[in-house]
Amino acid sequence: QVQLVESGGGLVQPGGSLRLSCAVSGSFFGLYTMGWYRQAPGKQRELVATITSGGRTNYVDSVKGRFTISRDNAKVTLYLQMNNLKPDDTAVYYCNADHQLGGPEYWGQGTQVTVSS
């Protein structure tokens with residue numbers, strides 16, 4: 001079975017940085033778009049960034065210029081470098097893998113990011 005495990009979350013001051021990672025284990029094949037979503041208290045889950053198997057990226061406007069998504073296809077690991085963090089970035093961040101040709105979708109358990117002084 002496929003499992004996605006996030007790590008790297010924590011407490012950081014405004015303007016600080018964090019690097020999230022998502023490790024994939026199990027049988028994982030095909031062309032997957034991977035991404036990061038986040039959910040803050042009282043809000044719906046929001047797309048943050050995605051990256052295709054070919055390396056094409058997409059970001060929500062609020063994080064452009066601050067966050068960078070990347071992937072290591074050989075290690076099947078997803079990353080999110082977050083710089084200049086703001087209090088509004090506080091949320092649980094979830095890793096996602098979505099098959100580009102209609103296969104199964106997978107989610108991680110989430111990692112908490114808290115930005116506060």
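Residues numbered from 1 in each chain as written. Predicted model: local features only at pLDDT ≥ 70, side-chain atom pairs only at ≥ 80, totals over all residues. Heavy atoms only, no water.

Visitor: Got a minute to help me understand the overall build of the chain in this structure?
Guide: Summing up its helical and strand segments, the chain has zero helices and eleven strands in all. For the chain, the N- to C-terminal ordering of α and β elements is β-β-β-β-β-β-β-β-β-β-β. The C-alpha atoms of the chain give 14 Å as radius of gyration, which agrees with the globular expectation for 117 residues (13 Å, within 12%). Structurally, the chain occupies a C-alpha span of about 40 × 25 × 25 Å along its principal axes. The buried share of the chain, taken over its 117 residues, is 38%. If you take every contact in the chain between residues at least 6 apart in sequence, the share linking residues at least 24 apart comes to 53%. Here the chain contributes 10 positively and 8 negatively charged side chains, and the mean placements of these two sets differ by 4 Å. (Helix = DSSP H or I, 4+ residues; strand = E, 2+ residues; numbered from the N terminus. Rg over C-alpha atoms; globule rule 2.2 N^0.38 Å. Buried < 20%, exposed > 50% of the residue type's maximum accessible area, 1.4 Å probe, protein only. Contact = heavy atoms within 4.5 Å. Lys, Arg positive; Asp, Glu negative; His and termini not counted. Charge placed at Lys NZ, Arg CZ, Asp CG, Glu CD.)

Visitor: Would you take a moment to explain the side chain of His99 for this structure?
Guide: Structurally, the position occupied by His99 is in strand S9 (residues 91-99). Engagement of the side chain of His99 in a polar contact is seen with the backbone nitrogen of Leu101, the distance being 2.9 Å. Residues contacting His99, with those up to four places away along its chain left out, are Phe29, Gly30, Leu31, Tyr32 and Pro104. (Polar contact = N/O pair within 3.5 Å; in protein donor to acceptor, adjacent residues only side chain to side chain.)

Visitor: Where do I start with the pairing of strand S5 (residues 46-51) in this structure?
Guide: The side chains of a regular strand alternate, residue by residue, between the two faces of the sheet. Sheet analysis places strand S4 (residues 32-39) next to S5, joined by five bridges and oriented antiparallel. Bridged to Trp36 within S5 is Ala49. Pairing of S5 with strand S6 (residues 57-59) involves three bridges; the strand directions are antiparallel. Each bridged residue has a counterpart across the sheet, and for Ala49 the counterpart in S6 is Tyr59. (Pairing = 2+ DSSP bridges.)

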